[in-house]
Each structure stands twice: as C-alpha cells, then as structure tokens.
Amino acid sequence: MQLQIPVDSELNALIEYDHEFPFFFSLDNLDEYYKGFVNWHKQPTIEISIVYEGAVHVNILENVYTVEAGSGFLIMPGFLHSIRPTRNHLAAKYFTVIFHPKILYGSQGSFYDLTYYRPWLSSNIPCFIFGDEEWVHTLGSKLFWVKDHYCKAPQIRLETQRLLQDVWILLFEHLSTEQRQTTSKHDTKKIFDLVDYLHEHYSEKFSLSDMARNVSMSRNECCRYFKKMMNMTITEYLTEYRLSQAISLLETSALSITEISERTGFCDVSYFIKTFRLKTGITPKAYAASVKR
C-alpha cells in the first residue's frame, strides 16, 4: 500500500500524538508515497528534516526550495506544504523529527517562549533552509541520536527534550528571521478558502466560475493565483484530490468501481479508470484487490 498523510477538510494532518510528550520521527522515502510525493498538508508542530540521499523540492504555497543530501529544512507550524522529488535525482530520502514547540519552551508566555520561539512564529516565515555546513552536521548528529535512542522511558524523554533544545539553539544562532520573504496572512487565508471550496465540492460537476465568485476573483485571476500558490493548476489539484478520495474508498468500503467514480466527481467510470491507471499504474479494481488480500 502506498503511503499518504491523512488530512481533514482543511488539510490539517490527522496524526496522533502522545499528549504527554508530543514528538515522533520518521524515515521517509518518496518512492513509498502515493504518486511519489508527500501530499499537501499542514500541522501545529515543528518539522525539522535532513535529506540523506538524493534531493527534494519543498513546496510551501508559492515557494519552491530544492534541498539536497546533507542539507535540511525547518517548516513552521500551520503552513501548507508538500514534498516532491527532483527530476535529476533517482532517490529522495530524508529523516524528519516532528514535535510540538511546547517541548522547547515549556508553557506559553514563558521566557523561552517569548525570547526563542515567539519571534520566529510572529515573523510569519513558513520555512528555513540550511545547507551542508559544519553546524548542520552537528545538528544532524543530535537528531540521529534521538532517532536511534528515543523511547517512552522518562530519562530518554528528558535527553530527547534537551537535544531538541540544543538543535533549536543551533538554528536560532545560524538562521535569520529575515532570510526569507514572508507570505502574507491574507494570501494564506485566500488559498485556504480556494482549497476548502474544492474539498467541499469535489464530488460535484466542477464550475470554475462558481469557485472564483466564491472568493471574489475573476476566473483568470483565480487560475493564476492558484497556480502561483500551489505550483499546480486547479484541474491538477482537483484530480489529485478526487483520486485520493477514491483510494480511501477502495481501501475502506465495499462500493463498486462505478459507485466510487460517481462519489468522487469523475464524469464517467471509463474516465475514472483511465485517470486512475495513468496516475497509479494499475486499475482501481486491481488496487482494491491488492489492499484487501
């Protein structure tokens, strides 16, 4: 089964955290993800990733950053993003530590929150990229220690917290909150409104005019803006989302291929089968059989 990050209607990642210690890590190989990339999502946590083989494109709204092996990236909470492979590398593998910022500062309003975290959050900068430098090697070694030793034992949690704070100090010392141009909150809200509209109406016959009218934009302006922010056209995104919903139904329901086609907004079952096969390499029927064995 190909991986996909589960999301709700607002693209919030549906990941279960340990509420006592909201932290986890993952080793990601984009070859294992549906269509070879991590789907669009956002979450209330900090993501710090180190690429250890190949290279990836980090897509954050209208910005695209290329990160190669030995380099890394930090994604701040609440920003819509996806991870894709680059064309000139065969592999795209990276290690990610994901944790709630309260592990860093303890409680909201504390000295550490106001001094070392809140300035970054208020800068509205979605992503920081760091290159193959000596301090990055030190950061990576600390993250890999966490990967190799983390467990739920209290003493290991304490060490994990200390190392994450050490990592944050390195980032705080070497990255400037002025290194990236910010994306305005207005732009962020507008793209979420467009995405919300698509998620609400994906099962219906799509009308670009209705979508543009819903956000007080012209058709052409709507298309240009969506392409700029999401690095794909509205049609491409809608097709991907419909296919993701179809895959979910194939995995969890006993509906027929025709019923799934109708429920996910495809004009007819033949087009659904053709599109599904073009994107995944197999037919919907074959996919359903493979996941229900």
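Since the model is a prediction, treat every value here as computed from it, not as a measurement.

### Considerations on the overall build of the protein
Part 1: Each helix and strand counted, the protein has 11 helices and eight strands in total.
Part 2: Computed over its C-alpha atoms, the radius of gyration of the protein comes to 20 Å, within 12% of the 19 Å expected for a compact globule of 293 residues.
Part 3: Taken along the three principal axes of its C-alpha coordinates, the protein extends 55 × 50 × 40 Å.
Part 4: Taking contacts inside the protein between residues at least 6 apart in sequence as the whole, the part at least 24 apart equals 73%.
Part 5: Total accessible area on the protein stands at roughly 14,800 Å², and carbon and sulfur atoms take up 51% of it.
Part 6: Averaging the coordinates of the 30 positive side-chain charges in the protein and doing the same for the 34 negative ones gives two points 6 Å apart.

### Things to note about the environment of E173
Part 1: Take E173: it is sitting in helix α4 (residues 154–174).
Part 2: Residues E173 and W135, 38 residues apart in the sequence, show an inter-C-alpha distance of 9.9 Å.

### Observations regarding helix α2 (residues 111–122)
Part 1: Between its terminal C-alpha atoms α2 stretches 16 Å, which fits the 16 Å expected from 12 residues at 1.5 Å a residue.
Part 2: Turning to α2, its buried residues are D113, Y117 and W120. One face of α2 carries all of its buried residues, which in axial projection span an arc of 105 degrees. Every exposed residue of α2 that faces more than 90 degrees away from the buried side is listed here: F111 and S122.
Part 3: Phi turns positive one or two residues past the end of α2, at N124, with a value near 60 degrees.

### Thoughts on the environment of L90
Part 1: Among the secondary structure elements, L90 is positioned in the loop between β6 (81–85) and β7 (92–99).
Part 2: Along the chain, L90 and H149 lie 59 residues apart, while their C-alpha atoms are 30 Å from each other.

### Topic: a nonpolar patch on the surface
Part 1: On the surface, F111, Y112 and Y116 cluster together to form a nonpolar patch covering roughly 350 Å² of accessible area.
Part 2: Examined against the element boundaries, F111 turns out to sit in helix α2.

### A word on the confidence of the model for the protein
Part 1: Considering every residue of the protein, the mean pLDDT works out to 83; 92% of them sit at 70 or more.
Part 2: Ignoring residues within four places in sequence, the model shows residues 178–186, a span with pLDDT below 50, making 18 contacts including any to other chains.

### Let's talk about the environment of F172
Part 1: One can find F172 in helix α4.
Part 2: Here F172 falls in the partly exposed class, since its relative accessible area comes to 30%.
Part 3: Not counting residues up to four positions away in its chain, the partners in contact with F172 are T115, Y116 and W120.

### Notes on helix α11 (residues 284–291)
Part 1: For α11, the complete set of buried residues consists of P284, Y287 and A288. The arc enclosing the buried residues of α11, seen along the axis, measures out at 100 degrees, which places them on a common side.

### A look at the pairing of β7
Part 1: Where burial is concerned, most of β7 is hidden: seven out of the eight residues are buried.
Part 2: Alignment of strand β1 (residues 23–29) against β7, held across seven bridges, turns out to be antiparallel. Paired with L27 across the bridge in β7 is F95.

### Thoughts on the packing of helix α8 (residues 234–252) against helix α10 (residues 269–280)
Helix packing geometry: the angle between the two helix axes and the distance between the axes.
Part 1: In the contact formed by α8 and α10, the axes pass within 11 Å of each other and the chain directions differ by 95 degrees. When the axis of α8 is compared with that of α10, the two are roughly perpendicular. Contacts from T239, L243, A246, I247 and L250 of α8 reach α10 at F272, T275, F276 and K279.

### A word on the pattern of salt bridges
Part 1: Inspection of the entire model under this criterion finds five salt bridges.
Part 2: Residue D166 pairs with K142 through a salt bridge whose shortest N-O separation is 3.6 Å. Placement of D166 in helix α4 and of K142 in helix α3 (residues 134–149) is noted, with a sequence separation of 24 residues between them.
Part 3: Of the charged contacts, one joins D210 and R213 as a salt bridge, the two residues approaching to 2.7 Å between their closest N and O atoms.

The rules behind these values
- Residues numbered from 1 in each chain as written.
- Predicted model: local features only at pLDDT ≥ 70, side-chain atom pairs only at ≥ 80, totals over all residues.
- Heavy atoms only, no water.
- Helix = DSSP H or I, 4+ residues; strand = E, 2+ residues; numbered from the N terminus.
- Rg over C-alpha atoms; globule rule 2.2 N^0.38 Å.
- Contact = heavy atoms within 4.5 Å.
- Areas by Shrake-Rupley, 256 points an atom, 1.4 Å probe, with all protein chains shown as cover.
- Lys, Arg positive; Asp, Glu negative; His and termini not counted.
- Charge placed at Lys NZ, Arg CZ, Asp CG, Glu CD.
- Expected span 1.5 Å × (residues − 1).
- Buried < 20%, exposed > 50% of the residue type's maximum accessible area, 1.4 Å probe, protein only.
- Arc of directions from axis to C-beta.
- Patch = residues over 30% accessible without salt bridge, like charges linked within 9 Å, V, L, I, M, F, W, Y side chains within 5 Å.
- Salt bridge = Lys/Arg side-chain N within 4 Å of Asp/Glu carboxyl O.
- pLDDT = per-residue confidence, 0-100.
- Pairing = 2+ DSSP bridges.
- Axes fitted to C-alpha atoms, helices over the stretch in contact; angles between N-to-C directions.
- Parallel < 35°, antiparallel > 145°, perpendicular 65-115°, else oblique.

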